[in-house]
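So you can see what is in the structure, the chains are spelled out below.
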Amino acid sequence: VQLQASGGGLVQAGGSQRLSCEAATTAAFIASIVGWYRQAPGKQRELVATITRSGTTNYADSVKGRFTISRDNAKNTVYLQMNSLKPEDAAVYYCNLGLLGSNYWGQGTLVTVSS
């Protein structure tokens, strides 16, 4: 399953940014759990947020109340709305699709937060 992420870039601390990730396969997207992970330099990749096909969401404690994950099954797209960004949110963000025990990753999109 191919995933195409977009929306990264440079943003000031306290600002907002929205990431998008589109899946190439409709059936796979609709049936899957999708989410966002991030990896900062020198750190392990970590979970940011996930959303099930029914809309149940899960967030890392560090982003609760600031980030919102959503999905549009008609567009095969998952979004991550990031508000009140902090310098520690800077990372490469990866979208992920979990389906039938397999994980698929997008190419990553870089988010830089200036203080």
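Residues numbered from 1 in each chain as written. Predicted model: local features only at pLDDT ≥ 70, side-chain atom pairs only at ≥ 80, totals over all residues. Heavy atoms only, no water.

Caption draft 1: Fine view of the nonpolar core. In this structure, Trp36, Leu80 and Tyr93 are the most contacted members of the largest nonpolar core, which totals 30 residues. Top contributing element to this core by residue count: strand E9 (residues 91-99), with five residues. (Core = buried A, V, L, I, M, F, W, Y, C linked by side-chain atoms within 4.5 Å. Buried < 20%, exposed > 50% of the residue type's maximum accessible area, 1.4 Å probe, protein only. Helix = DSSP H or I, 4+ residues; strand = E, 2+ residues; numbered from the N terminus.)

Caption draft 2: Representation of the layout of surface pockets in the model. Estimates place the volume of the largest pocket at around 160 Å³. Taken together, 13 residues form the lining of the largest pocket, with Arg38, Lys43, Glu46, Glu88 and Asp89 sitting closest to its centre. Looking at side-chain class alone, the lining of the largest pocket contains three nonpolar, three polar and seven charged residues. (1 Å grid on protein atoms, 1.4 Å probe; cavity = no way out; pocket = protein on both sides within 12 Å on 5 of 7 lines; lining within 4 Å. Points joined across faces, edges and corners; volume = space filled by probe spheres on them. Nonpolar A, V, L, I, M, F, W, Y, C, P; charged D, E, K, R; others polar.)

Caption draft 3: Main features of the state of the cysteines. Tallied over the full model, the rule gives one disulfide. Paired by a disulfide, cysteine 21 and cysteine 95 hold their sulfur atoms 2.0 Å apart. Here the disulfide of cysteine 21 and cysteine 95 is right-handed, its torsion about the S-S bond being about 50°. In this pair, cysteine 21 is assigned in strand E3 (residues 17-23) and cysteine 95 in strand E9, connecting sequence segments 74 residues apart. The exposure classification of cysteine 21 matches that of cysteine 95, with both residues buried. (Disulfide = S-S within 2.5 Å.)

Caption draft 4: Here's a closer look at unusual backbone geometry. For asparagine 76, which is not a glycine, the phi torsion comes out positive at approximately 55°. Within the element layout of this structure, asparagine 76 appears in the loop between strand E7 (67-72) and strand E8 (77-82). According to the relative accessible area criterion, asparagine 76 is buried, its value standing at 9%. Even without being glycine, leucine 100 reaches a positive phi, approximately 50°. Here leucine 100 is to be found in the loop between E9 and strand E10 (102-105). Judged by relative accessible area, leucine 100 falls into the exposed class, the value being 84%.

Purely geometric stuff here, so don't read any function into it on its own.
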